[in-house]
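In case you want the letters, here they are:
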Amino acid sequence: MSGDEVAGLRRDAIGLREVLFQSITAMAPAAAVAASIPSGAAFAGGSLPLAVLIALVACLFTASCVAEMARELPAAGSVSTYAAQGLHPTVGFLVGWGYVFVEALVPPLLLLQLGFTTAGTLHQEWSSYPADLWWPWALAGAAIIATAGYFGVRASARFGTVLGIFEVLVLLVFAVWLIAKAGGDNTLTVFGTSHTADGYEGISGVFAGSVYTVLAFAGFEAAAPLAEETRNPRRTMHRAVLGAALGIGLFYVVTTYAMTVYFGPDRFAKFGASGAASWEGVARASFGLFWVLVFLAVVNSTIANANACANVSTRTAFALARIRVLPRYFAVLHPKYRSPVTGIVVQTVVAVGAVLGLGLGYDPVTAFLLLATVIVTVVIGVYIVVNVACAGYFLRRRRELFRPLRHLLLPLLGIVAFVPALLTAAGLPVFDFVTELTAPVSYAGPIVGVWLAAGVVVLLVLMRRHPERIAETARVHLDDPSPASPSQNGAAQA
């Protein structure tokens, strides 16, 4: 083995602030407010603030489960380790297999958004700039993320913290401004059902809006894979996961309320992600150059989100390679920065390849929708499994800590909350508000199916030849007296 393989990830490198913003930036708050959450307005209309509040409560069920598991099992494998301990190591392997795949696709997803958002805005301001010249911005973003990751978790996490603070502050200041401008039009009726869109009257419209809004919360668990690099990880992970979900959820409620009362609740069903009836459109029309800050916050959000999810994918790959269920080169660490350098290189190659291949093969927006469908479908499936694993872990392994409300009722409610979101993300028309997917976005299902089928094949091979490696998915390396390097692990197993 190479001398560049060291004992493990850098211990005690970051604290609560950095891991909190790891989860916050993985949720992409500015991009969610400007692009994701408005999709619920077509159903909830001016009652969208109520839909967001319901989505927040629903997401807190699962966030509580993730936080409980992160406190008990601080591991770079995060959701893979939780499933292995709470259910079975084979489930842990499949969860890790799916999770590392989709988290590796999040950076190209955000780089595509960075590209077409920047190019479209520049073309709108200066018509001489080609609207289809989006890819240089995406490649520049890939270079920034790779550089931050190369210099280690401290550099990438602090970079994400700065970006996260900027985007949250810009949108909060704008929200306060909107509330002040709304004056006498401020009303709490937007937290009722009287302003839903035509055809989705009452609670049905709010429910539909909340399902689409739930998808904006994905990423709150992103702090968990940094557990082995965090000070006092058991306490810090718990606070970071719950803090991010609650804090950004309230941020979503405030910003959505502000725009709803300013724009007009009875007109809000026509609000969207672009054009005059959008965050940027309102900023352009009413607040002069302030729209530039809104634009920069969204661009900032794409880079921050990609940076956070690159951390997740490389740490999850490292955890699986360390126990040799993924190729061992993913466990190679930089001798100085202790960053998973091989994983970062592979992540960058995947990002650039997906951005150029899909973005130029179709177009950047279509490529974005295809990747988003793949990612959200798997991530929500992972959330559902983690809810089940939380109940299983405390019932089977830590019965003395079992609390019926926290470890049984909340996981059950988390599953109930995310099943409609899973069906919606997959385009399965179980509800009348779900739009059936069309090609090429509909290819997301087969892509996920092929990847999971490949995972089952790998699992069967490993179970036959190296069952001890699958068992290792349940291992919490921080509990070891002295963490072993991949080469030491291999020697021990031999």
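Here the structure is a predicted model, which is why all the values come from computation and not from measurement.

Conventions and cut-offs
Within each chain, residues carry numbers counting from 1 in the order of the written sequence. With pLDDT at 70 or above as the cut-off, local features in this predicted model cover only qualifying residues; side-chain atom pairs require 80 or more to be listed or tallied, and sums for whole chains, interfaces and linings still use all residues. Side-chain descriptors were evaluated using all non-hydrogen atoms of the structure, hydrogens and water having been removed beforehand. For helices the rule is a DSSP run of H or I covering at least 4 residues; for strands it is a run of E covering at least 2, with both sets numbered from the N terminus onward. As defined in this context, the radius of gyration uses C-alpha atoms, and a globule is described by 2.2 Å times the residue total to the power 0.38. Each residue's exposure class comes from its accessible area (1.4 Å probe, protein chains only) as a fraction of the maximum for that residue type: buried when under 20%, exposed when over 50%, partly exposed otherwise. Salt bridge, as used here: a side-chain nitrogen of Lys or Arg that lies within 4 Å of a carboxyl oxygen of Asp or Glu. Per-residue confidence from the prediction method is given by pLDDT, with values spanning 0 to 100. Should any heavy atoms of two residues lie within 4.5 Å, those residues are considered in contact. In this analysis, rings of Phe, Tyr and Trp, with Trp reduced to its six-membered ring, are considered paired at centre separations within 6.5 Å, and the interplanar angle assigns stacked below 30 degrees, edge-to-face beyond 60, and tilted for intermediate values. As a reminder, the over-ring test applies to NZ of lysine and CZ of arginine, requiring each to be within 6 Å of the ring centre and within 35 degrees of the ring normal.

1. Here's the deal with the overall build of the protein
So, point 1. When its secondary structure is counted, the protein shows 18 helices and 0 strands.
So, point 2. In terms of C-alpha radius of gyration, the protein reaches 22 Å, essentially the compact-globule figure of 23 Å for 494 residues.
So, point 3. Projected onto its principal axes, the C-alpha positions of the protein cover 70 × 55 × 40 Å.
So, point 4. Taking all 494 residues of the protein together, the buried fraction comes to 59%.

2. Observations concerning the pattern of salt bridges
So, point 1. On inspection of all chains with the given rule, the structure shows 11 salt bridges.
So, point 2. Between E18 and R17 there is a salt bridge, and its shortest N-O distance comes to 2.9 Å.
So, point 3. Through salt bridges with shared partners, a single ionic network connects R17, E18 and R158.

3. Examining the confidence of the model for the protein
Should the pLDDT be low somewhere, the predicted coordinates at that spot are not to be read in detail.
So, point 1. Looking at the protein, pLDDT values average 92 and 96% of them are 70 or higher.
So, point 2. In the model of the protein, helix α18 (residues 486-493) stands out as the element of lowest mean pLDDT, 36, in contrast to helix α5 (residues 79-86), which has the highest, 97.
So, point 3. Below pLDDT 50 for its whole length, residues 1-6 participates in 16 contacts with residues either more than four positions away or in separate chains.
So, point 4. Counting contacts from residues 482-494, a segment whose pLDDT is below 50, to residues more than four positions away or on other chains yields 24 contacts.

4. Quick word on the packing of aromatic side chains
The geometry of an aromatic ring pair comes down to the distance between the two centres and the angle between the two planes.
So, point 1. As enumerated under the stated definition, the model contains 27 aromatic pairs in all.
So, point 2. Ring geometry for F174 against F290: centres 5.0 Å apart, planes inclined by 40°, an arrangement best described as tilted. In this pair, F174 sits in helix α8 (residues 153-182) while F290 sits in helix α12 (residues 290-322), placing the two residues 116 residues apart along the sequence. When sorted by exposure, F174 lands in the same class as F290, which is buried.
So, point 3. One aromatic cluster is present, built from ring pairs that chain together F174, W177, Y262, W279, F287 and F290.
So, point 4. The ring of F263 carries R267 above its face, with NZ or CZ at 4.2 Å from the centroid.
So, point 5. The positively charged end of R399 is found above the aromatic ring belonging to F402, 5.6 Å away from the centroid.

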